[in-house]
Amino acid sequence: MSFVEQDDVFAAVQPVVQGIFEEFAPGKKVYSDWTKIAYRDSLKWYGSDKPDLRNPIRMQDVSEHFAGSGFAIFAKLLEQDGNEIRAIPAPTGGSRKFCDRMNAFAQKEGLPGMGYIFWRERAQEMFWEGNPFFVAVGLEFIGSWNSLSDDKKEKELPLIAKHIGASVDDARAVLETIITSIGDGDHERANTLVRAYFCGLEAAGPL
């Protein structure tokens, strides 16, 4: 072929590759509609020119939310031309333990670190013994928690762990830390933890 363009190459190669899979992978679904992604978009969305499209998550440019903001680490980066702040959305997923592990991985690869934000609905409802209890009630939550028997606490811990995106052991540790802080008179720390875990937007993680 002379004077071929990219689409001509695709049109010649696709039937061959597709035919190989149809012949040697009987019973497996072979798609004839091949997704075409520009190189620049592939790097921007997936960080790779060979993305696994079974994973539907795309990175998003969130620079506009941090430019000129009070979040100095990101704002300062954006003062330099060519820099961007990208976020990886993970709806209904993630935990502090997972994010800390990813942060350690990023640092091992030579990056300064990764930030993370958990976005949770306020006044998310939980049910104990069929009675509605709203977690977004500040320190009253701890008072209600202390009134439960040990058996009830163990029963409710998985619900709390699910709500804050943590393991049962981590949820227990969070509650114990809050209660200890109250006992020590450190109400500022207790309030901060209650707000972070049970009342909406959580602060960014380590960078």
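About the criteria used
- Residues numbered from 1 in each chain as written.
- Predicted model: local features only at pLDDT ≥ 70, side-chain atom pairs only at ≥ 80, totals over all residues.
- Heavy atoms only, no water.
- Helix = DSSP H or I, 4+ residues; strand = E, 2+ residues; numbered from the N terminus.
- Areas by Shrake-Rupley, 256 points an atom, 1.4 Å probe, with all protein chains shown as cover.
- Polar contact = N/O pair within 3.5 Å; in protein donor to acceptor, adjacent residues only side chain to side chain.
- Contact = heavy atoms within 4.5 Å.
- Phe/Tyr/Trp six-rings, centres within 6.5 Å; stacked < 30°, edge-to-face > 60°.
- Buried < 20%, exposed > 50% of the residue type's maximum accessible area, 1.4 Å probe, protein only.
- Salt bridge = Lys/Arg side-chain N within 4 Å of Asp/Glu carboxyl O.
- Axes fitted to C-alpha atoms, helices over the stretch in contact; angles between N-to-C directions.
- Parallel < 35°, antiparallel > 145°, perpendicular 65-115°, else oblique.
- pLDDT = per-residue confidence, 0-100.
- Core = buried A, V, L, I, M, F, W, Y, C linked by side-chain atoms within 4.5 Å.
- Expected span 1.5 Å × (residues − 1).
- Bend = angle between axes of the 7 residues up to and from the residue.
- Patch = residues over 30% accessible without salt bridge, like charges linked within 9 Å, V, L, I, M, F, W, Y side chains within 5 Å.

A. Spatial organisation of the overall build of the protein chain. When you go through the protein chain residue by residue, the secondary structure sums to nine helices and four strands. Going from the N terminus to the C terminus, the protein chain shows its helices and strands as α-α-β-α-α-β-α-β-β-α-α-α-α. Of the roughly 14800 Å² of accessible surface on the protein chain, 54% is carried by carbon and sulfur atoms.

B. Main features of the side chain of Q14. Position of Q14 relative to the elements: it lies in helix 1 (residues 6-24). A distance of 2.7 Å separates the side chain of Q14 from the backbone oxygen of S32, its partner in a polar contact. Leave out the neighbours within four places in its chain, and Q14 touches S32 and W34.

C. Here's a closer look at the packing of aromatic side chains. The tally for this structure, following the rule as stated, stands at two aromatic pairs. Measuring from centroid to centroid gives 6.4 Å for W45 and Y46, while their planes differ by 85°, and the two rings are edge-to-face. Classification of W45 as partly exposed rests on a relative accessible area of 24%. For the ring pair F66 and F74, a centre distance of 4.9 Å and an interplane angle of 90° mean the geometry is edge-to-face. For the pair formed by F66 and F74, the shared burial category is buried.

D. Quick look at the pattern of salt bridges. Taken as a whole and judged by the stated rule, the model has five salt bridges. Across the pair E84 and R86 runs a salt bridge, and its minimum N-O distance is 2.9 Å. For E84, a relative accessible area of 36% corresponds to the partly exposed category. Take R86: its relative accessible area is 39%, and that puts it in the partly exposed class. Between R172 and D169 there is a salt bridge, with the nearest N and O atoms lying 3.0 Å from each other.

E. Quick look at the packing of helix 7 (residues 150-164) against helix 8 (residues 168-183). One can describe the packing of helix 7 onto helix 8 by two numbers: an axis separation of 8 Å at closest approach and a directional angle of 95°. Judged by the angle between their axes, helix 7 and helix 8 are roughly perpendicular. Counted together, E154, L157, P158, I160, A161 and I164 of helix 7 and V168, A171, R172, V174 and L175 of helix 8 form the full contact between these two elements.

F. Layout of the confidence of the model for the protein chain. Model confidence for the protein chain is summarised by a mean pLDDT of 76, while 78% of its residues fall at 70 or above. Confidence, read as mean pLDDT per element, is least for strand 4 (residues 131-134) in the protein chain (33) and greatest for helix 2 (residues 39-46) (93). Segment residues 200-207 is flagged for pLDDT under 50; beyond a separation of four residues in sequence, or across chains, it makes 32 contacts in the model.

G. Spatial organisation of the nonpolar core. L157, I160, A161, I164, A171, V174, L175, I178, A190, L193, V194 and Y197 form the largest nonpolar core, which has 12 residues in total. When contributions to this core are tallied by element, the ones reaching two or more residues are helix 7, helix 8 and helix 9 (187-198).

H. Up close: helix 7. Compared with the 21 Å implied by 1.5 Å per residue over 15 residues, the 20 Å span of helix 7 between its first and last C-alpha is a close match. If you look at helix 7, its biggest bend is around 35°, right at E156, and the proline P158 turns up within four residues after that. Among all positions in helix 7, only K153, E156, L157, I160, A161, H163 and I164 are buried.

I. Region of interest: the side chain of Q18. Tracing the sequence through the fold places Q18 in helix 1. Assessed through its relative accessible area of 12%, Q18 is described here as buried. The contact partners of Q18, leaving out residues within four places of it in the chain, are V30, Y31, S32 and W34.

J. How the structure looks around a nonpolar patch on the surface. Taken together, the side chains of V4, V9, F10 and V13 define a hydrophobic patch exposed on the protein surface, amounting to about 290 Å² of accessible area. You can see V4 is positioned in the segment before helix 1.

K. Quick look at the environment of L159. Relative to the assigned elements, L159 resides in helix 7. A relative accessible area of 41% means that L159 is categorised as partly exposed. Between the C-alpha atoms of L159 and A171, which are 12 residues apart in sequence, the distance is 9.5 Å.

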